[in-house]
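Summary of structural features
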Amino acid sequence: MAEPLVEYLLRLGDDRLVLGHRLSEWCGHGPILEEDIALSNLALDLIGHASLFLELAGTVEGQGRDQDALAYWRDEHEFRNLELCELPRGDFGFTMVRQFLFDAWSLHLLEALSRSTHADLGAIAAKAHKETRYHVRHSSEWMLRLGDGTEESHRRAQAALDELWPWTGGFAYQDQVDQTLRATGIAPDLSQLVAPWDATVRGILAKATLVIPDGPMRMAGGRFGRHTEHLGHLLAEMQIVARSHPGARW
Amino acid sequence: MSQARDRWPLWEVFTQPKDGAPHEHAGSVHAPDAELALQNARDTYARRGEAVNIWVVPSEAISASTPEDVGPFFDPGNDKPYRHPQFYKGAKGG
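Here's a quick rundown of the structure. None of these values were measured; they are calculated from a predicted model.

1. What to know about the overall build of chain A
Broken down by element type, chain A carries ten helices and zero strands. Secondary structure elements of chain A occur, N-terminal to C-terminal, as α-α-α-α-α-α-α-α-α-α. Its C-alpha atoms give chain A a radius of gyration of 18 Å, within 12% of the compact-globule value 18 Å for 250 residues. Dimensions along the principal axes, computed over C-alpha positions, put chain A at roughly 55 × 45 × 30 Å. Taking all 250 residues of chain A together, the buried fraction comes to 44%. Counting contacts in chain A only where the partners sit at least 6 residues apart, residues at least 24 apart contribute 76% of the total.

Pasting the structure below:
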């Protein structure tokens, strides 16, 4: 396994790069112009956070890889994002339920990370946390409107929640990487974030009349490079231009 | 897109560029309610830090003068400038 901090930064960066790419697929396809703009803005924010985390990963690694090398020249098994982030965008309800679950986790995680003993990591987390507060507000408002909206919007949002909820088991996945970084105060104990995340999520979902499904949670295979069939297709599209024209500038 | 557009009402957006400055008309957005109108306005008109505060107002709540009002409304008596509110200087937005 690579240096723990590099591994950890790849997890943070890849979650946001892959989810940001999924959101960017809505550009030009939003349900209404204003929401199209909002989704593209959210995508840009997430890709911006990813670029900061990946750039730092490359610097810490010290082998000359920058954010572009990490984003465009790694293959599927080298990506460390959670599967939740790579699932196809689905309908608007699916996209928003996923954003909501992820944004709420990200809010608590980045808040904790902003107190990291690693100064650069802490500064990036603090910056990203500020924008994430807006993301949560946006996706929370949509939960209320879709869940407690029309019969059809409720049905679609509930179906999305049923499908997505088991994947949230990956949020708090921890291993040797986290353990090593926790010892020096670089990373927080993710298990401590589950209760506040759960409270945030359950509060909104209850108001939205959406029901959290029972059943087993899924394993976090993405954290060690085991992905769903969907990531390869996403990467093919995301990486094709960079790989066809190596080193291109514009 | 056109179907949703027909159902969502229009909101006029006013942004305040800095504390103490007056809100100025920035444009309009479609949204189902005030909270989402604020969010859409933020994404459309204030994402690059152009504002410290936003108002949104349902467009239908605005009463406007008509082009025919130009004469009686706006033809000023320029011989008596002291009658114009602008004659007396005060702090803008104060």
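Now, onward.
2. Some details on the sheet that holds strand S2 (residues 24-30) of chain B
Residues and elements named next belong to chain B. Taking strand neighbours across the sheet as the criterion, the three strands line up as S2-S1-S3 in an open arrangement whose pairing is antiparallel. For this open sheet the edge positions go to S2 and strand S3 (53-58), each flanked by a neighbour on one side alone. Each adjacent strand pair in this sheet contributes to an overall mean axis angle of 30°, direction not counted.

3. Considerations on helix H1 (residues 4-24) of chain A
Taking 1.5 Å of rise per residue, 21 residues should cover 30 Å, and H1(A) covers 30 Å from first to last C-alpha, within 8% of that figure. The buried count for H1(A) comes to 20 of 21 residues, which makes it a mostly enclosed element.

4. Considerations on the interface of chain B and chain A
In this assembly, 15 residues from chain B lie in contact with ten residues from chain A. Broken down by secondary-structure element, the contributors of at least two residues to the side of chain B that touches chain A are helix H1 (2-7), S2 and helix H2 (34-45) of chain B. For the side of chain B that touches chain A, the residue count by class is seven nonpolar, four polar and four charged.

5. What to know about unusual backbone geometry
Although it is not a glycine, Thr209(A) adopts a positive phi angle of roughly 60°. Relative to the helices and strands, Thr209(A) is located in the loop between helix H9 (191-207) and helix H10 (230-244).

6. Examining the nonpolar core
A general feature of soluble globular proteins is that nonpolar side chains tend to end up buried together. If you look at the biggest cluster of nonpolar residues, it comprises 66 residues, and the most contacted ones within it are Leu9(A), Phe53(A), Ala57(A) and Ala104(A). If one sorts the elements of this core by residue count, helix H5 (residues 92-113) of chain A sits on top with twelve residues. Here Ala57(A) is in contact with Val6(A), Leu9(A), Leu10(A), Gly13(A) and Leu70(A), once residues within four sequence places are set aside. Counting twelve residues, the second-largest nonpolar core is a separate cluster that includes Ile32(A), Ala26(B), Ala31(B) and Ala41(B).

7. Describing helix H2 (residues 33-61) of chain A
Each full turn of the α-helix corresponds to 3.6 residues, which orients residues three or four apart in the same direction. Taking 1.5 Å per residue as the helical rise, H2(A) with its 29 residues ought to reach 42 Å, and the 42 Å between its terminal C-alpha atoms agrees with that figure. Once H2(A) ends, the next one or two residues include Gly62(A), with phi positive near 70°.

8. As for the packing of H5(A) against helix H6 (residues 119-147) of chain A
Residues and elements named next belong to chain A. Two numbers describe how H5 lies on H6: the axes approach to 7 Å, and their chain directions differ by 145°. Seen along the crossing, H5 lies across H6 with a hand that is left-handed. For the contact of H5 with H6, the class distribution of residues is 13 nonpolar, nine polar and three charged.

Cut-off values and rules
- Residues numbered from 1 in each chain as written.
- Chains lettered and ligands numbered in written order.
- Predicted model: local features only at pLDDT ≥ 70, side-chain atom pairs only at ≥ 80, totals over all residues.
- Helix = DSSP H or I, 4+ residues; strand = E, 2+ residues; numbered from the N terminus.
- Rg over C-alpha atoms; globule rule 2.2 N^0.38 Å.
- Buried ≥ 20, exposed ≤ 12 C-beta atoms within 10 Å, placed from the backbone.
- Contact = placed C-beta atoms within 7 Å.
- Pairing = 2+ DSSP bridges.
- Axes fitted to C-alpha atoms, helices over the stretch in contact; angles between N-to-C directions.
- Expected span 1.5 Å × (residues − 1).
- Nonpolar A, V, L, I, M, F, W, Y, C, P; charged D, E, K, R; others polar.
- Core = buried A, V, L, I, M, F, W, Y, C linked by C-beta atoms within 7 Å.
- Left-handed = near helix turned anticlockwise from the far one by under 90°.

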